[in-house]
Amino acid sequence: MTQSTRISLQNTPTRKGVAERAVSFDSNGNTLKGTLYTPENASAALPAVIVTGAWTTVKEQMPGTYARELAARGFAALAFDFTGWGESDGTPRFVEDPSVKTAEIRTAAAFLISLDEVDSSRISGLGVCASSGYMAAAVADDANQQKVALVAPWMHDPAMAEGIYGGPEMAASLIAASEADGAADTVLLGASTTDENAVMYQAPYYTEEDRGLIPAYDNKFSVASWKPWLTYDAQASADRLTKPMLMVGSPSIALPAGATAYEARTKAPLEKLWLGEDVTQFDFYDRKDAVTAASDAVADFLNA
C-alpha cells in the first residue's frame, strides 16, 4: 500500500451520499450526544454499527470518519461521545474509564434498537485503537450485538501496561496519583508538541490541526484515569467472546502484541486483514487508503 492523502477532519464534515442527524440517549441520568450516519434515501431498515475511537477522543474524530464510511456502504452508523467527553453530559470530565465506556456501548446498542431505520437483528460494533477492548467486551456480553470488528486494536492487560508506562514503579505511582484527593479535578493536556506533561507528548494526529487537533477535541486527560486505564485487562473478554470478530491492522500498529495475544486466546471465529508495514497506528485514523481498505473489510465482514 502506497502513501496517500489524509482525510481532513477540518474540511470533511460530510460525505457524498450520506445523511447525518444529531441524536441523544440517556446513560445513568446523563445525556449522551451522538451522530447517526445513514445512506441518503434509505427505504428499508438498515444493519447498524456502533463506532468508537481511541482513548480521549470524541465522535468527530476517527469514530465519525469510520461511521461516514460505513454509512456510504449501506449501514446506519452511530458515533457518540461517552460520559464526560465532548458534547455529552456527566462528571467527572475527561476520565478514561474502560468499564464506563464498555457499559455505554451496550447502552448505545439498546438505543439503536429503538430506531425505526435500524434492523434490530443486525447490530454490530467497530472499535478503533483503545476502544477495541471496550467494544470486544461489550459485544461479548450483549445479546443485542452480533459481530465485532477492530481496527488498529490496542488491547493491553495490566502487565503490558506496566511495560508501556515505564515499569511497575512508575505504573504504581501513576495509580497512586489517580487515587489521591482531587485527582478527578487534576487535568493534563491530552496531547502537545511542547508540554512534556501531556499524556501524548509530540504524538502525531492529536497534535496536528488538519488531523486530530480539531475544535471538538477536548484534548484533556484527568489524572483519575490512570487507575482504570492501567489496571484494565482488554484480554479478559477473549474467554467470553463467541461471536465473529474481524481484526484489521498492520505490523506497525502501536501494540501488535495485544492483538496477537487476543487472537491466541479467543475461541471466537476470527478473521484478519493485515496491511503493509508502511501503515502506522495513526494512519488507520485518517490516511485515505488505509481507512478505505479497513472500511471495505469491515463492511464485507458485517454483511457476510
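Residues numbered from 1 in each chain as written. Predicted model: local features only at pLDDT ≥ 70, side-chain atom pairs only at ≥ 80, totals over all residues. Heavy atoms only, no water.

### With respect to the packing of helix H2 (residues 98–113) against helix H3 (residues 131–140)
With their axes 9 Å apart at the nearest point, H2 and H3 run at an angle of 50° to one another. The orientation of H2 relative to H3 falls into the category oblique. Crossing angle aside, the handedness with which H2 passes H3 is right-handed. Where H2 abuts H3, its residues Pro 98, Lys 101, Thr 102, Ile 105 and Arg 106 lie against Tyr 134, Met 135, Ala 137 and Ala 138. Here the residues of the contact of H2 with H3 are counted per class, giving six nonpolar, one polar and two charged. (Axes fitted to C-alpha atoms, helices over the stretch in contact; angles between N-to-C directions. Helix = DSSP H or I, 4+ residues; strand = E, 2+ residues; numbered from the N terminus. Parallel < 35°, antiparallel > 145°, perpendicular 65-115°, else oblique. Left-handed = near helix turned anticlockwise from the far one by under 90°. Contact = heavy atoms within 4.5 Å. Nonpolar A, V, L, I, M, F, W, Y, C, P; charged D, E, K, R; others polar.)

### A word on the pairing of strand S11 (residues 245–249)
Burial runs high along S11: five of the five residues are buried. Here S11 shows no split at all, with Met 245, Met 247 and Gly 249 on one side and Leu 246 and Val 248 on the other all buried. Pairing geometry for strand S6 (residues 148–151) and S11, over four bridges, is parallel. If you follow Val 151 over to S11, its bridge partner there is Val 248. As paired elements, S11 and strand S12 (residues 270–274) share five bridges and run parallel to each other. (Buried < 20%, exposed > 50% of the residue type's maximum accessible area, 1.4 Å probe, protein only. Pairing = 2+ DSSP bridges.)

### Observations concerning the nonpolar core
Core analysis: the biggest nonpolar cluster contains 102 residues, and Val 151, Tyr 206 and Phe 284 have the highest contact counts within it. Excluding residues within four positions of it along the chain, Val 151 makes contact with Tyr 66, Leu 126, Gly 127, Val 128, Cys 129, Ser 132, Val 248, Phe 284, Ala 294 and Val 298. (Core = buried A, V, L, I, M, F, W, Y, C linked by side-chain atoms within 4.5 Å.)

### Section: the packing of aromatic side chains
This model, assessed by the stated rule, comprises 16 aromatic pairs. With 4.9 Å between their ring centres and 20° between their planes, Phe 25 and Phe 111 make a pair best called stacked. Placement of the pair is Phe 25 in strand S1 (residues 18–27) and Phe 111 in helix H2, with a sequence separation of 86 residues. Accessibility assignment for this pair places Phe 25 and Phe 111 in one class, buried. Ring geometry for Trp 55 and Phe 221: centres 5.2 Å apart, planes at 65°, overall edge-to-face. Here Trp 55, found in the loop between strand S3 (46–52) and helix H1 (62–72), pairs with Phe 221, found in strand S10 (residues 220–222); they are 166 residues apart in sequence, far enough to count as distant. Among the residues examined, Trp 55 registers a relative accessible area of 7% and is labelled buried. Residue Phe 221 is classed as buried on the basis of its relative accessible area, which comes to 0%. Taken together, the aromatic side chains of Trp 55, Trp 154, Tyr 165, Phe 221, Trp 226 and Trp 229 make up a single cluster linked through ring pairs. (Phe/Tyr/Trp six-rings, centres within 6.5 Å; stacked < 30°, edge-to-face > 60°.)

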